[in-house]
Amino acid sequence: MTATVRQLLRDRKRQGSVPGNRSDDARLVLLVEGGSSRGAYSSGMTIAIEQLGLLPMFDAVYGSSAGALNAAWLLCGRAESSMHAWWDPIIMRTTIDPRRALLRQPIVDTRFLVHTVYTEILPMGFQEILDSTVEFHPIATDARTGQAIDLHERIRDQASLQAALRASTAMPLLAGEPVEIDGRPFVDAGLSEAIPVRTALAQKATHIVALRTRRIDETASAPSRGERLLLSRWFTRRAPGAIETWLRREAIRAEEERLLASHPATLQIRPPIGSAKIGRTERRPRLLRAAVDTGRQAALNELRCVEDASMRFAPR
């Protein structure tokens, strides 16, 4: 690569470069990792990108699971204005409610989140996302094959965009049934591609900024015996093609880490060592607000130099 990620960002920022009018032939992509409530970290990181005005410097944004939701808020220009949803007790307790398991209902209600919160309570700019010159690539897992699928080409209007967001976040068992798009069932992207680096590289990404939700000292583990007992029946009935992918999640995550570490033009932004470990269904407002703040500061620390450099070149 002839330019590092920061150099490319600085050059594009200084030139006022926008998608469709680049003076370089690079493909710079933003990857947003998932992790359910752990996505509070990558939410904060997208806020920093929004505050620094860096979104137009990217050619595409890829998101998995909660990372797809955070990417969507960034693409419509509302990452900062929507951040309080992470610690709003009414939104979080209605979206994630473990008591619903007693009624055999989804613990995580993504339908309420996407079709009520994002339309009536905290409106998402769906049309702005559809019109964005920066491509949006939400990832989901094909329930019949277990493969990671880029839903970009299946998004045509608000309804299909909402379906893509729900499919990307359809956690097995916790979020209920798979989500159907064009007659095909999909489940959570985290099974097949928690950080969508394979898809981005297959689509000719040359430079990568990866917003991570795991600290560098956190690693994915294989499903426990209890998880196997609890989820195997669910997969057999609802997503038979994804069970092997789920069982191989430790190896899949290791491959994602290898690809990111070996790519010559990659900037990874992670929660710092010592930051809180957030569980998938964490709802405590204080902890989630701290995670958003921590993610924002981590990204500012890594990217503020781009803003500083562009200011030196600004006309007086």
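Residues numbered from 1 in each chain as written. Predicted model: local features only at pLDDT ≥ 70, side-chain atom pairs only at ≥ 80, totals over all residues. Heavy atoms only, no water.

For the chain, an unreviewed UniProt entry supplies the name Patatin family protein and the organism Planotetraspora mira.

(A) Broad picture of the pattern of salt bridges. One pass over the structure, following the stated rule, counts 20 salt bridges. In this structure, the salt-bridge partner of glutamate 302 is arginine 6, at a minimum N-O distance of 2.4 Å. One end of the pair, glutamate 302, is in helix H12 (residues 285-313); the other, arginine 6, is in helix H1 (residues 5-15), with 296 residues separating them in the sequence. Among the residues examined, glutamate 302 registers a relative accessible area of 26% and is labelled partly exposed. For arginine 12, the salt bridge is made with aspartate 59, and the minimal N-O distance between the two is 3.0 Å. A residue pair is termed long-range when its members are at least 10 positions apart, and arginine 12 in helix H1 and aspartate 59 in the loop between helix H2 (39-51) and strand S2 (60-64) qualify at 47 residues. Judged by its relative accessible area of 11%, aspartate 59 is buried. (Salt bridge = Lys/Arg side-chain N within 4 Å of Asp/Glu carboxyl O. Helix = DSSP H or I, 4+ residues; strand = E, 2+ residues; numbered from the N terminus. Buried < 20%, exposed > 50% of the residue type's maximum accessible area, 1.4 Å probe, protein only.)

(B) View of the UniProt feature "domain: PNPLA" (unreviewed entry) in the chain. The feature "domain: PNPLA" (unreviewed entry), as annotated in UniProt, sits at residues 30-201 in this numbering. Taken as a whole, residues 30-201 contains 37% helix and 15% strand, while its terminal C-alpha atoms sit 12 Å from one another. (UniProt positions renumbered as here; feature names shortened; annotations may be inferred.)

(C) A look at the nonpolar core. Counting 60 residues, the largest nonpolar core has Leu165 and Val209 as the members making the most contacts within it. Among the elements that make up this core, the one with the highest residue count is helix H3 (residues 66-75) (seven residues). Not counting residues within four places of it along the chain, the set of residues in contact with leucine 165 comprises Ala68, Leu69, Ala72, Val114, Met124, Phe126 and Phe136. Listed in part, the 18 residues of the second largest apolar core include Trp87, Met171, Ile278 and Ala291. (Core = buried A, V, L, I, M, F, W, Y, C linked by side-chain atoms within 4.5 Å. Contact = heavy atoms within 4.5 Å.)

(D) Focus on empty space enclosed by the protein. Scanning the model with the defined rule gives one cavity of 30 Å³ or more in all. Computed from the structure, the largest cavity encloses a volume of approximately 390 Å³. In terms of lining residues, the largest cavity is bounded by 26 residues, among which Ala66, Leu69, Trp86, Leu113 and Tyr118 are the most central. Those elements giving two or more residues to the lining of the largest cavity turn out to be H2, H3, helix H4 (89-95) and helix H5 (110-121). Among the elements that take part in the lining of the largest cavity, H3 stands out by supplying four residues, more than any other. Considered class by class, the residues forming the lining of the largest cavity number 15 nonpolar, ten polar and one charged. (1 Å grid on protein atoms, 1.4 Å probe; cavity = no way out; pocket = protein on both sides within 12 Å on 5 of 7 lines; lining within 4 Å. Points joined across faces, edges and corners; volume = space filled by probe spheres on them. Nonpolar A, V, L, I, M, F, W, Y, C, P; charged D, E, K, R; others polar.)

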